[in-house]
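Structural characterization, general
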Amino acid sequence: PLLGERRTCKADRLRAAVPRLQRRRPDVPPLPALVADRPHLLAWAGGIIEGEGCIANYPRAQGTGRSRGLVVSMSDRDVIDRLHETFGVGWRRTIDRSDQPGWADLHSWHVSRWADLTAVLEAVDPYLGARRRRSVASLLSTPVTTTRSA
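Residue positions within a chain follow its written sequence, with the count starting from 1. Per-residue local features are limited, in this predicted model, to residues with pLDDT of at least 70; the limit for side-chain atom pairs, both in listing and counting, is 80 or more; totals at the level of whole chains, interfaces and linings are taken over all residues. Side-chain metrics rest on all non-hydrogen atoms present in the structure, leaving aside hydrogens and water.

**Some words on the confidence of the model for the protein**
Looking at any residue, its pLDDT shows the predictor's confidence there, from 0 to 100. Averaged over all residues, the pLDDT of the protein is 80; the fraction at 70 or higher stands at 75%. The least confident element of the protein, judged by mean pLDDT, is helix α2 (residues 33–37) at 61; the most confident is strand β4 (residues 106–111) at 94. Each helix is a run of DSSP H or I of at least 4 residues and each strand a run of E of at least 2, with the numbering of both proceeding from the N terminus.

In C-alpha cells form, the structure reads like this:
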C-alpha cells in the first residue's frame, strides 16, 4: 500500500522470480526460506555482490582442476553476517588489522562448494551488471572436474 504503481510492479516481478529461479536447475538446492519469503533480499544481495564481490574461476597450480568461488569482502561485519544468514551457505572470515592505524578489520563471506555457489549465483544473476553476468556464465559453463594429484 505504500509503494507507487511502478515500484509495486517491480516488487511483483521480484516475488515471481524466486519460484522461477528455484525451478531452473534440478541439481541446485532450493534457496533458504528467508530468501524465498523475502525476494527483495535477492536484489539487495545482488547489489552487494556486484559492488564488493569477486567471482573466481581460474586454473589451479599443477593443472589439478579449477578454483571457483565467490568472495565478498568489506569492513562492515553486519553486511557480511546478513549475506551469510540470507543464503545459509559459505563461511565467514575476519582479518584483524588493529596493528595498522586507520585501517578497519576486513570481514569476508566465502562460497566455494559447487552446489552452494551455483545456487547463490543463479539466484542473484538477474540483479548483476553485464560484466558480472558474463563472469557467472563463464563459471557455470565450465565443467566441474574432481581430479586430484596423489
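**Overview of the side chain of Ser108**
By the secondary structure assignment, Ser108 is in strand β4. Judged by its relative accessible area of 6%, Ser108 is buried. Here a polar contact is taken to be a pair of N or O atoms separated by no more than 3.5 Å, where protein atoms must pair a possible hydrogen donor with a possible acceptor and residues adjacent in sequence count only if both atoms sit in side chains. Reaching out from Ser108, the side chain makes a polar contact with the side chain of His110 at a distance of 2.8 Å. The contact criterion used is simple: two residues touch if any of their non-hydrogen atoms lie within 4.5 Å. For Ser108, the residues in contact, after removing those within four places along its chain, are Val71, Val72, Ser73, Ile80, Trp91, Arg92 and Arg93. Any residue under 20% of the maximum accessible area for its type is buried, any over 50% is exposed, and the rest in between are partly exposed; the area is computed with a 1.4 Å probe on protein chains only.

**Details of the environment of Pro59**
Here Pro59 lies in strand β1 (residues 53–59). Residues within four places of Pro59 in sequence aside, it is in contact with Gly65 and Arg66.

**Here we look at the packing of aromatic side chains**
Each Phe, Tyr or Trp ring, with Trp reduced to its six-membered ring, pairs with another whose centre is within 6.5 Å; inter-plane angles below 30 degrees give stacked pairs, above 60 give edge-to-face pairs, and intermediate values give tilted ones. Summed over the entire model, instances satisfying the criterion amount to 1 aromatic pair. Ring centres of Phe87 and Trp109 lie 5.8 Å apart, and the angle between their planes is 15 degrees; on these two criteria the pair is classed as stacked. Within this pair, whereas Phe87 is found in helix α4 (residues 77–87), its partner Trp109 is found in strand β4, the two being separated by 22 residues in sequence. Neither Phe87 nor Trp109 differs from the other in exposure class; each is buried.

**A closer look at the nonpolar core**
Only buried residues count toward a nonpolar core, which is a set of Ala, Val, Leu, Ile, Met, Phe, Trp, Tyr and Cys residues joined through side-chain atoms within 4.5 Å. Judged by nonpolar contacts, the single largest core of 23 residues is most densely connected at Ile49, Leu70, Val72, Phe87 and Trp109. Only α3 (40–52), β2 (66–74), α4, β4, α5 (114–124) and α6 (130–141) provide two or more residues apiece to this core. Residue contributions to this core peak at 5 residues, all from α5.

**Observations regarding the sheet that holds β1**
Ordered in space as β1-β2-β4-β3, the 4 strands form an open sheet in which the pairing is antiparallel. Both edges of this open sheet fall to β1 and β3 (91–95), since each of them pairs with a single strand only. Between one strand and the next, the sheet's axes are offset by a mean angle of 25 degrees, whatever the strand orientation. For every element, the axis is a line fit to its C-alpha atoms; helices are fit only across the contacting stretch, and the angle between N-to-C directions ranges from 0 to 180 degrees. Across the sheet, α4 is in contact with β2, β3 and β4; its angle to β4 comes to roughly 15 degrees. A pair of strands is treated as paired once DSSP finds two or more bridges between them.

**Quick look at the packing of α3 against α5**
At a closest axis distance of 9 Å, the pairing of α3 and α5 adopts a crossing angle of 100 degrees. The angle between α3 and α5 places the two elements in the roughly perpendicular class. On α5, the residues that touch Leu42, Ala45, Gly46 and Ile49 of α3 are Val120, Ala123 and Val124. Lys, Arg, Asp and Glu make up the charged group, whereas Ala, Val, Leu, Ile, Met, Phe, Trp, Tyr, Cys and Pro make up the nonpolar group; the residues left over, Gly among them, are polar. Across the contact of α3 with α5, the residue classes tally to 6 nonpolar, 1 polar and no charged. These descriptions rest on fixed angle ranges, namely under 35 degrees for roughly parallel, over 145 for roughly antiparallel, 65 to 115 for roughly perpendicular, and the rest for oblique.

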